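Commentary on secondary and tertiary structure
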Amino acid sequence: MFLIFGNPVSHSKSPLMHNYFFKKSNIKECYGRYKLENGEEIIDKFKELKIKGANVTVPHKEHAFKLADEVRGIAKEIGAVNTLVEENGKVIGYNTDAPGFLEAVKEFEYESVLIIGAGGTAKALSLVFPNAHILNRSEGRLQYFRNKGLKSFTWDEFKTNSYDLIINTTSAGLSDDNYPAPQNILKELFSKAKYAVDVIYGKETPFLKLAKQYNLKTKTGLDMLVYQGVLAMELFLGKELDKKKTAEIYFEILR
Ligand SMILES: NC(=O)c1ccc[n+]([C@@H]2O[C@H](COP(=O)([O-])OP(=O)(O)OC[C@H]3O[C@@H](n4cnc5c(N)ncnc54)[C@H](OP(=O)(O)O)[C@@H]3O)[C@@H](O)[C@H]2O)c1
């Protein structure tokens, strides 16, 4: 038995995609959801429910990081855990969000990367794109990146450079028609870029619509969602999967 912890958790696509994968792969397992009010209880609850693995979503990723018996891989640097796996009675924490994004853009050929936004997702992605530049609406959240030596700009300071891959990690466009940066900046960026990727899924954002007008190759956040799921499934099953084939199964049920 596997499940996802979150609050709220009813919107999560994880049960749909992982149950479909189990069915298609003839694996006799099931995946549920658990609305967890108090994040401090996450590991006790995991053990009490005697589950083999779990995903963790907002707002419990930091709790899972803090409380897991052991944290492995990039989760240690990110400070957030989205996947928990039982191993010899211990609960091990991992993060497949940022590695999932990297896997989703594997076929792209890029050198320079611009991350728009400076929140939790941008922090995680900056660990898998250590040479990326950061562009954010306001100053406050940029300090984290500057401390790590990443070139970071507010809209006002930004002198448009040329980047191959532009990533929107802001929530602009999620439930409105906003762009994550002023249109004149985006237009100049897109005129020189090759790829634009959004982390928002379920819709084509104004950011991606504009990128398409400049003939960029684009991806929505669905690819990131799918590949974080594929990497989590590898951890759940304790074996490597054909990532592309597994992703196709997830896309089949999510598209
Ligand atoms: N596809 C996936 O699997 C996946 C995984 C994780 C997250 N996500 C998505 O990622 C998005 C961001 O999540 P998060 O947790 O990183 O958010 P967050 O920590 O709240 O950060 C939000 C960032 O967006 C900026 N921002 C918000 N509204 C903006 C606007 N209208 N114009 C310009 N900038 C704006 C903020 O700028 P300021 O600093 O100026 O406030 C901040 O840098 C959400 O839409 C979430 O659904 C997707």
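Residues numbered from 1 in each chain as written. Predicted model: local features only at pLDDT ≥ 70, side-chain atom pairs only at ≥ 80, totals over all residues. Heavy atoms only, no water.

We now examine the pattern of salt bridges. Counted under the stated rule, the structure contains 18 salt bridges. Note that Arg72 is salt-bridged to Glu70, the shortest N-O span being 2.8 Å. Here Glu70 falls in the partly exposed class, since its relative accessible area comes to 31%. Between Lys106 and Glu103 there is a salt bridge, with the nearest N and O atoms lying 3.5 Å from each other. For Lys106, a relative accessible area of 61% gives the class exposed. A network of salt bridges, in which partner residues are shared, links Glu70, Arg72 and Glu87. (Salt bridge = Lys/Arg side-chain N within 4 Å of Asp/Glu carboxyl O. Buried < 20%, exposed > 50% of the residue type's maximum accessible area, 1.4 Å probe, protein only.)

This brings us to the UniProt feature "domain: SDH C-terminal" (unreviewed entry) in the protein chain. Per the UniProt record, the feature "domain: SDH C-terminal" (unreviewed entry) sits at residues 221-244. Secondary structure over residues 221-244 splits into 75% helix and 0% strand, and the C-alpha atoms at its two ends are 16 Å apart. (UniProt positions renumbered as here; feature names shortened; annotations may be inferred. Helix = DSSP H or I, 4+ residues; strand = E, 2+ residues; numbered from the N terminus.)

Take the side chain of Ser14 next. For Ser14, the location among the structural elements is in helix 1 (residues 14-24). Beyond its immediate chain neighbours, meaning those up to four positions away, Ser14 contacts Ile4 and Tyr31. (Contact = heavy atoms within 4.5 Å.)

Turning our attention to the packing of helix 8 (residues 183-192) against helix 9 (residues 206-213). The geometry of helix 8 relative to helix 9 is characterised by a closest axis approach of 9 Å and an angle of 45° between their N-to-C directions. As judged from the angle between their axes, helix 8 and helix 9 are oblique. Crossing angle aside, the handedness with which helix 8 passes helix 9 is right-handed. Residues Leu186, Lys187 and Phe190 of helix 8 lie in contact with helix 9, whose contacting residues are Phe207, Leu210 and Ala211. In terms of residue class, the contact of helix 8 with helix 9 is built from five nonpolar, no polar and one charged. (Axes fitted to C-alpha atoms, helices over the stretch in contact; angles between N-to-C directions. Parallel < 35°, antiparallel > 145°, perpendicular 65-115°, else oblique. Left-handed = near helix turned anticlockwise from the far one by under 90°. Nonpolar A, V, L, I, M, F, W, Y, C, P; charged D, E, K, R; others polar.)

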